[in-house]
Amino acid sequence: MTAPRLRFSNVKKSFGATKALRGVTFEASAGEIHAIVGENGAGKSTLMNVLAGAIAPDGGEVEIDGVAHRPSGPLAAREAGVAMVHQELSLCPHLTVAENIFLGMEPSRFGVVDRQAMIAGAEKALSEVMPEGAAEGHETGLHAQAIVGELPPSARQLVEIARALAHPSCKVLVLDEPTSSLSARESLRLFEGMKRLAGRGLTVLFISHFLEEVLSVADRYTVLRDGESVGSGETASVTVESLVEKMAGRRGEEVYPARAERAVGEVVLSLANVAGAVRPKEATLELRRGEILGLFGLVGSGRTELLRAVFGLDPVVRGEVRVGAYQGPSSPGQRLSQGVGLLSEDRAGEGVALSLSIADNVTMSAAGRLVRYGLLWPAAQLREASRWVDRLGIKTRSPEAEVGSLSGGNQQKVALGRLLSRDVDVLLLDEPTRGIDVTSKAQIYRLLSELAGKGKAILMVSSYLPELLGVCDRLAIMSRGALGPLREVAGLREEDVLREATGA
């Protein structure tokens with residue numbers, strides 16, 4: 001019998017009193033796509049950091065091709081054949097795509113960096129994640145000589161994956177939520193690339209909260225719960241419902257809340273022929289109290305740019321934005337004072353301050369309410385933060401813990417908690433459930449429904465169409481920068497929405 005490419009045997013890791021890994025055991029073969037699933041805080045990221053050499057385990061063994069894997073650091077793990085693409089990307093925005101892909105392993109000739117070889121190697125690595133070739137990459141702005149900082153999040157994700165594949169010794173590729181910033185079309189392309197890589201003998205570890213993706217692309221799966229492996233097997237033998245039950249240790253709840261009749265009030269946000277510097281090209285809509293509006297479109301269609309223009313982060317060059325009685329352009333600070341809040345899709349860059357505590361992050365936008373005699377009272381700050389830690393189910397030892405110590409999904413909850421702590425009337429949500437497990441998603445969906453029931457107005461962007469159809473009252477589709485009309489969600493079919501979004 002052929003030995004497995006990768007084996008974990010009773011791997012354990014603690015951080016003080018917190019037992020992040022209590023004993024994880026499973027194996028994956030060469031040429032296999034193996035999914036790692038579990039709720040936020042289940043230990044997925046800690047386990048992958050052990051594999052990638054970022055942290056050392058307290059006990060247990062890891063083997064690659066039958067050889068003990070005890071890397072002294074990330075570089076040693078990379079030399080051993082492990083490449084990891086984190087959910088939060090680590091690219092240099094001022095460098096080109098090619099320079100990022102070969103950073104630290106630049107090809108040289110006569111002691112000088114061989115830029116032509118580097119560009120050719122980068123294009124080859126990009127072709128692994130863009131099977132339709134370099135021509136399409138140039139159309140979308142993603143090519144070897146593009147500046148990474150000028151690319152959208154979806155393109156940066158592909159650069160990070162291409163960088164992992166460029167290392168000649170790569171045997172095990174770890175993808176942590178790789179589709180969280182990709183459109184449906186880009187995700188399908190990535191899955192095709194994953195299957196090709198597995199076909200060449202690579203072992204792909206795939207971490208995703210989109211369980212439909214897991215069942216469609218992975219060969220086998222392992223479920224982690226509370227730091228332990230609680231189940232492994234063939235994906236062909238399980239359903240989404242059974243995976244949820246294994247992840248939660250209980251029967252899965254209905255993901256989307258039952259639609260409740262809500263009193264729809266006055267218009268609180270209206271856009272009339274709004275255009276940005278590049279996108280959107282034209283957007284008109286009305287958002288009322290008590291309703292949840294969804295915006296769907298392919299990545300690059302202008303969805304994010306529309307929310308940023310409304311909030312005052314990007315300029316409005318034409319048209320009119322009206323918030324209640326306020327008309328015309330405003331700064332983000334003015335929008336907040338007008339009762340408008342934005343949850344950015346760029347969690348690491350704009351969503352949270354990783355070096356600050358949960359309490360500091362959650363109360364950052366609402367600190368004025370916690371000030372007495374000119375001082376911010378820590379006790380009041382902790383009470384407010386604890387309220388949202390409990391309500392959003394943020395897994396942490398304390399509200400005083402650094403946000404950077406949390407899993408990606410829990411960081412997303414902190415970003416949402418800050419917006420809710422401000423108690424704004426209009427919530428602009430850009431990918432609000434990015435990186436959040438299915439149980440937490442259901443919790444967030446119920447919370448949004450409750451907020452709308454209390455008169456809040458919600459404008460929600462998501463790349464996950466079932467989410468929009470399950471949560472929103474009305475939906476508008478963006479295509480090539482233009483916003484289509486709002487339509488009732490009832491009766492809309494996924495295939496029709498996708499057809500319109502792609503211009504078909």
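Below is a summary of the structure that appears in this document.

About the cut-offs
Residues numbered from 1 in each chain as written. Predicted model: local features only at pLDDT ≥ 70, side-chain atom pairs only at ≥ 80, totals over all residues. Heavy atoms only, no water. Pairing = 2+ DSSP bridges. Helix = DSSP H or I, 4+ residues; strand = E, 2+ residues; numbered from the N terminus. Phe/Tyr/Trp six-rings, centres within 6.5 Å; stacked < 30°, edge-to-face > 60°. Buried < 20%, exposed > 50% of the residue type's maximum accessible area, 1.4 Å probe, protein only. Lys NZ or Arg CZ within 6 Å of the ring centre and 35° of its normal. Salt bridge = Lys/Arg side-chain N within 4 Å of Asp/Glu carboxyl O. Axes fitted to C-alpha atoms, helices over the stretch in contact; angles between N-to-C directions. Parallel < 35°, antiparallel > 145°, perpendicular 65-115°, else oblique. Left-handed = near helix turned anticlockwise from the far one by under 90°. Contact = heavy atoms within 4.5 Å. Nonpolar A, V, L, I, M, F, W, Y, C, P; charged D, E, K, R; others polar. Expected span 1.5 Å × (residues − 1). Core = buried A, V, L, I, M, F, W, Y, C linked by side-chain atoms within 4.5 Å.

So, on to the sheet that holds strand E16 (residues 316-323). Taken in spatial order, the four strands make up an open sheet running E14-E13-E16-E17, and their pairing is antiparallel. A strand with exactly one partner marks an edge of an open sheet, and here the two such strands are strand E14 (283-288) and strand E17 (326-327). Pairing of E16 with E17, which is carried by two bridges, proceeds in the antiparallel orientation. Within E17, the residue paired with Arg322 across the bridge is Gln327.

Applying the stated criterion to the full structure yields four aromatic pairs. Arranged with centres 6.1 Å apart and planes meeting at 75°, the rings of Phe191 and Phe206 form a pair that is edge-to-face. Of this pair, Phe191 sits in helix H7 (residues 184-199) while Phe206 sits in strand E10 (residues 203-207); the two residues are 15 residues apart in sequence, bridging distant segments of the chain. Grouping residues by exposure puts Phe191 and Phe206 together as buried. With a centroid separation of 5.1 Å and an interplanar angle of 25°, the aromatic rings of Tyr256 and Tyr445 are classed as stacked. Of the two residues, Tyr256 is situated in the loop between helix H9 (240-248) and strand E13 (267-276) and Tyr445 in helix H16 (residues 438-453); the sequence distance between them amounts to 189 residues. In this structure Tyr256 comes out as partly exposed when scored by relative accessible area, which is 22%. Residue Tyr445 is classed as buried on the basis of its relative accessible area, which comes to 0%. Lying across the ring of Phe15, Lys13 places its NZ or CZ 5.4 Å from the centre.

Here we come to the pattern of salt bridges. Applying the stated criterion to the full structure yields 27 salt bridges. Glu291 is paired through a salt bridge with Arg474; the nearest N and O atoms lie 3.0 Å apart. Of this pair, Glu291 sits in the loop between E14 and strand E15 (292-297) while Arg474 sits in strand E23 (residues 474-479), placing them 183 residues apart in sequence. Each member of the pair Glu291 and Arg474 is classed as buried. For Glu500, the salt bridge goes to Arg487, with nearest N and O atoms at 2.8 Å. One end of the pair, Glu500, is in helix H18 (residues 494-501); the other, Arg487, is in strand E25 (residues 487-488), with 13 residues separating them in the sequence. Taking the relative accessible area as the measure of exposure, Glu500 reaches 32% and is therefore partly exposed. The network of salt bridges with common partners includes Glu266, Arg289, Asp423, Asp425 and Lys456.

Attention shifts here to the packing of helix H14 (residues 378-392) against helix H15 (residues 408-421). It is at 10 Å that the axes of H14 and H15 come closest, and there the two elements cross at 125°. The angle between H14 and H15 places the two elements in the oblique class. Like other packed secondary-structure pairs, H14 and H15 cross with a definite hand, here right-handed. The residues of H15 that touch H14, namely those facing Glu384, Trp388 and Leu392, are Lys413, Leu416, Gly417, Leu420 and Ser421. A per-class count over the contact of H14 with H15 returns four nonpolar, two polar and two charged.

For H14, which comprises 15 residues, the first-to-last C-alpha distance of 21 Å matches the rise-based estimate of 21 Å (1.5 Å per residue) to within 8%. Within H14, the full set of buried residues consists of Ala380, Gln381, Glu384, Ala385, Trp388, Val389 and Leu392. Packed against the buried residues of H14 are helix H13 (358-362), strand E20 (375-376), H15 and H16. Positive phi shows up at Gly393, right after H14, with a value of about 65°.

Once that is clear, we can look at the nonpolar core. By size, the foremost hydrophobic cluster in this structure holds 53 residues, and its most contacted members are Val97, Ile101, Leu142, Leu173 and Met194. Among the elements that take part in this core, helix H6 (residues 153-166) stands out by supplying eight residues, more than any other. If near-sequence neighbours (up to four positions away) are discounted, Val97 is found in contact with Leu126, Leu142, His143, Ala144, Ala146, Val148, Leu151 and Val159. Grouped together as the second largest cluster of nonpolar side chains are 42 residues, Ile358, Val424, Leu448 and Leu469 included.

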